[in-house]
Amino acid sequence: MDEGYRGLRLTNTMTRQKEAFRPLDWQDGAIADADRRVRMYVCGPTVYDYAHIGNARPIVVFDVLFRLLRHIYGADGVVYARNITDVDDKINERAARDFPELALNEAIARVTAGTAEQFHRDIAALGALPPTVEPRATEHIDAMRAMIDRLVARGNAYVADDHVLFHTPSMPDYGRLSRRSLDDMIAGARVEVASYKKDPTDFVLWKPSRDGQPGWPSPAGIGALGRPGWHIECSAMSEVHLGPVFDIHGGGLDLIFPHHENEIAQSRCAHGTEAMAQVWMHNGFVQVEGRKMAKSEGNFVTIHDLLESEVFGGRKWPGEVLRLALLKTHYREPIDFTVAKLEEAARELDRWARLSPSGSLDPAQADTAVLEALTDDLAVSEAFAAIHRAYDEGRAEAALAALQLLGLDPRRAADVGDDVHRRIAARLDLIKAKNWADADRIRDELAEEGILLKDGKDPATGERITTWELKR
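Quick summary incoming for the structure in this document. (Residues numbered from 1 in each chain as written. Predicted model: local features only at pLDDT ≥ 70, side-chain atom pairs only at ≥ 80, totals over all residues. Heavy atoms only, no water.)

Observations regarding the overall build of the chain
Going by this rule: Every helix listed is a DSSP run of H or I at least four residues long, and every strand listed is a run of E at least two residues long, numbered separately from the N terminus. Three labels apply to residues, based on accessible area from a 1.4 Å probe with only protein chains included: buried if under 20% of the type maximum, exposed if over 50%, partly exposed otherwise in between. Note on definitions: a residue-residue contact is assigned when non-hydrogen atoms from the two residues lie within 4.5 Å. Accessibility throughout is a Shrake-Rupley quantity obtained with a 1.4 Å probe, and a residue counts as covered only by protein chains that appear here. Charge counting treats Lys and Arg as positive and Asp and Glu as negative, with His and both chain ends excluded. Here the site of a charge means atom NZ of a Lys, CZ of an Arg, CG of an Asp or CD of a Glu.
Along the backbone of the chain there are 17 helices and 15 strands. Seen through its C-alpha atoms, the chain measures out along the principal axes to roughly 85 × 60 × 40 Å. Out of the 472 residues in the chain, the part that is buried amounts to 53%. Within the chain, counting contacts between residues at least 6 apart in sequence, those at least 24 apart form 71% of the total. Only carbon and sulfur atoms are counted for the fraction: they give 49% of the accessible area of the chain, which is about 20600 Å². Averaging the positions of the 59 positive and the 75 negative side-chain charges in the chain gives two centres separated by 3 Å.

Following this line, the structure appears as structure tokens:
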């Protein structure tokens, strides 16, 4: 068996099959073990407004994959790039609307700084680890121009009316990822009807900037200032941080066409490669209370709304509850995000918290059945079933370690503070030191606060563990 495989299987959107995952660096015999990396890119937010619950799903899904890859290949063996798009027409419109008294570039900086900061706060509350690198579009303009120049030189792109456009017929297998017909691509691409296009499916790599819009020196000999199209941004940023071909590219199902299709076209043609990424992964759509999320439907909710207001279900929801509700459905399936699902997640977390030991755990303690499920294309139903069994069988440490591998800690969502966990851990230390009087004092203090401790033994190790429950 290929040493790089290690049991992980992932569904590849490109092939529509579940495949054994073998990282590229493990396939290259010239790369030393210490230099091998798994490289993953996920499309991040366009920072013009607060992220909504649909935006949260890929963040949480690929955070779990990031954690699993780190568990399998080591914390230093994975490079995860998730970009921030901070140049976009929606950002320009928001900046002009919200800060009309400022120069546009200053207003844009104000909008992107504020929304990016809010995005980071929101996803941190969902338990998402920071990516290894978080490239911003405005910091990679030079790389975009260089890629566009290569595409023009290779005959895959052309200049027209101060635009640079990718000529899709120059790539014979354009459309392979989405498997759409030409008519479907024309209808679905939301392409701008423009007289300077050679083909209706040609898409913009670079466009001129009007007066007052942000602009940079243009590629391909164009004299006017301009700015990049959306698709070229990810191709350039992934090349800079992961190389011309990398292991995994992820995002939402809505990005398959045209965004990811166009990324593939740009990157493959610019580098002369057969692939941009060897595995493409996409999470399913999110509905809210049975309907497509839309402001007109009255069911549009941001992560911030759910965390900080009572607009959804009449209460604030801990990030742990939101994360579990998003994870309970397999990532490739659509999810109906409902108040009932959040209430169910809250009840599960509360039960697990009352059964969980205090203190931190080594991920190596995670229940093996959970690991087997996660390595099978993130099979969460089987993983959570194994976690329930572990708790029911008294293997609380194995269950909690598995939940922590998923980025969940039920104790954070419970109605107890960190000081309670510290006191439980201190009591265990006192018991080990045979200081029974002080250990009993802590137990009695917690009982007065409505927290009942239950001592037991780990059935696997025989060591003392302490679980707790709230008086009802």
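What to know about the packing of helix α10 (residues 319-327) against helix α11 (residues 339-355)
For clarity, the threshold we go by: Lines fitted to C-alpha atoms define the axes, with helix axes restricted to the stretch in contact, and inter-axis angles between N-to-C directions lie between 0 and 180 degrees. Each angle is binned into one of four classes, with values under 35 degrees roughly parallel, values over 145 roughly antiparallel, values of 65 to 115 roughly perpendicular, and all other values oblique. Crossing handedness: left-handed means the near helix sits turned counterclockwise from the far one by under a right angle, and right-handed means the same turn made clockwise. Note on residue categories: nonpolar means Ala, Val, Leu, Ile, Met, Phe, Trp, Tyr, Cys or Pro, charged means Asp, Glu, Lys or Arg, and polar means any other residue, Gly included.
Contact pair α10 / α11: the axes reach a minimum separation of 9 Å and the direction vectors enclose 110°. It follows from the interaxial angle that α10 and α11 lie roughly perpendicular. The two elements α10 and α11 meet at a crossing, and its hand is right-handed. Together, Glu320, Val321, Leu322, Leu324 and Ala325 of α10 and Lys341, Leu342, Ala345, Ala346, Glu348, Leu349 and Trp352 of α11 make up the contact between the two elements. Looking at side-chain class alone, the contact of α10 with α11 contains 9 nonpolar, no polar and 3 charged residues.

Some remarks on unusual backbone geometry
A cis amide bond, omega 5°, links Phe257 with the succeeding residue Pro258. Positive phi values are uncommon outside glycine, yet Arg6 reaches one of about 55°. Positive phi, normally seen in glycine, also occurs at Asp162, with a value near 65°. Within the element layout of this structure, Asp162 appears in the loop between β5 (157-160) and β6 (163-166).

A few points about the nonpolar core
To keep things clear, this is the line we draw: Among buried residues, the Ala, Val, Leu, Ile, Met, Phe, Trp, Tyr and Cys ones that are joined through side-chain atoms within 4.5 Å form a nonpolar core.
In terms of nonpolar packing, the biggest core is built from 77 residues, with Ile53, Leu69, Phe337, Phe384 and Ile387 touching the most fellow members. Once you skip the residues sitting within four places of it in the chain, Phe337 turns out to touch Ile53, Val286, Gln287, Val288, Glu289, Leu306, Phe312, Leu322, Ala325, Leu326 and Leu342.

Re helix α17 (residues 436-448)
The condition that has to hold: Given the number of residues in a helix, its expected span is that number minus one, multiplied by 1.5 Å. Here the arc refers to the directions that run from the helix axis out to each C-beta atom.
Taking 1.5 Å as the rise per residue, α17 with 13 residues should run 18 Å; its terminal C-alpha atoms sit 18 Å apart, in good agreement. If you check which residues of α17 are buried, you get Ala439, Ile442 and Leu446. Taken end-on, α17 shows its buried residues confined to a sector of 60°, consistent with a single buried face. Along α17, the residues that are exposed and aim more than 90 degrees away from the buried face are Ala437 and Glu448.

Some details on the sheet that holds strand β7 (residues 203-208)
Cut-off, in case you're wondering: By the convention used here, strands pair only if DSSP detects at least 2 bridges between them.
If you trace the 4 strands from one edge of the open sheet to the other, you get β5-β6-β7-β8, paired in antiparallel fashion. Here the strands that pair on one side only, and so sit at the sheet edges, are β5 and β8 (226-228). With direction set aside, neighbouring strand axes in the sheet form an average angle of 20°. Sheet analysis places β5 next to β6, joined by 4 bridges and oriented antiparallel. Paired with Ala160 across the two strands is His163, which belongs to β6. Along the sheet face, helix α8 (residues 256-271) touches β6 and β7 and points at about 80° away from the line of β7.

Side note on the environment of Val47
The topology assignment puts Val47 in the loop between β3 (38-42) and α2 (53-73). On the basis of relative accessible area, Val47 is assigned to the buried category, the value being 1%. On a C-alpha basis, the gap between Val47 and Ala116 in space is 5.8 Å, while along the polypeptide they are 69 residues apart. When near neighbours in sequence (up to four residues on either side) are disregarded, Val47 contacts Ile84, Thr85, Asp86, Ile91, Val111, Thr112, Thr115 and Ala116.

Overview of the packing of aromatic side chains
Spelled out, the test is: Here a pair means two rings of Phe, Tyr or Trp (six-membered ring of Trp) with centres within 6.5 Å. Their orientation is stacked below 30 degrees between planes, edge-to-face above 60, and tilted elsewhere. Our definition puts a charge over a ring when NZ of Lys or CZ of Arg is within 6 Å of the ring centre and also within 35 degrees of the ring normal.
With the rule as written, the count across this model stands at 7 aromatic pairs. Seen in terms of ring centroids, Phe312 and Phe337 are 5.8 Å apart; in terms of plane orientation they differ by 25°. Their pairing is stacked. Of this pair, Phe312 sits in the loop between α9 (303-308) and α10 while Phe337 sits in strand β13 (residues 335-337), placing them 25 residues apart in sequence. Each member of the pair, Phe312 as well as Phe337, is classed as buried. Clustering of aromatic rings is evident, with ring pairs tying together Trp352, Phe384 and Tyr391. Positioned above the aromatic ring of Tyr5 is the side chain of Arg22, whose terminal nitrogen or guanidinium carbon lies 5.1 Å from the ring centre. The cationic tip of Arg332 hangs over the ring face of Tyr331; the distance from NZ or CZ to the ring centre is 6.0 Å.

Quick word on the pattern of salt bridges
Filter applied, for reference: We define a salt bridge as a side-chain nitrogen of Lys or Arg found within 4 Å of a carboxyl oxygen belonging to Asp or Glu.
Taken as a whole, this structure holds 32 salt bridges when the rule is applied. For Arg36, the salt bridge goes to Asp33, with nearest N and O atoms at 3.1 Å. Relative accessible area serves as the criterion here: at 14%, Arg36 is assigned to the buried category. Across the pair Arg94 and Asp98 runs a salt bridge, and its minimum N-O distance is 2.3 Å. With Arg94 and Asp98 both in helix α3 (residues 89-98) and 4 residues apart, this pair spans about one turn of that helix. In the salt-bridge network here, residues are joined through shared partners; they are Asp49, Arg94, Arg97 and Asp98.

A closer look at the sheet that holds strand β9 (residues 246-252)
Taken in spatial order, the 4 strands of this open sheet run β4-β3-β9-β10, and their pairing is parallel. Taken across any chain shown, the strands that pair with only one partner, and hence form the sheet edges, are β4 (78-82) and β10 (277-283). Neighbour to neighbour, the strand axes of the sheet diverge by 20° on average, direction disregarded. With 3 bridges joining them, β3 and β9 adopt parallel strand pairing. Looking across to β9, one finds that Tyr41 is bridged to His249. Relative to the sheet, α2 contacts β3, β4, β9 and β10, its axis offset from that of β3 by approximately 175°.

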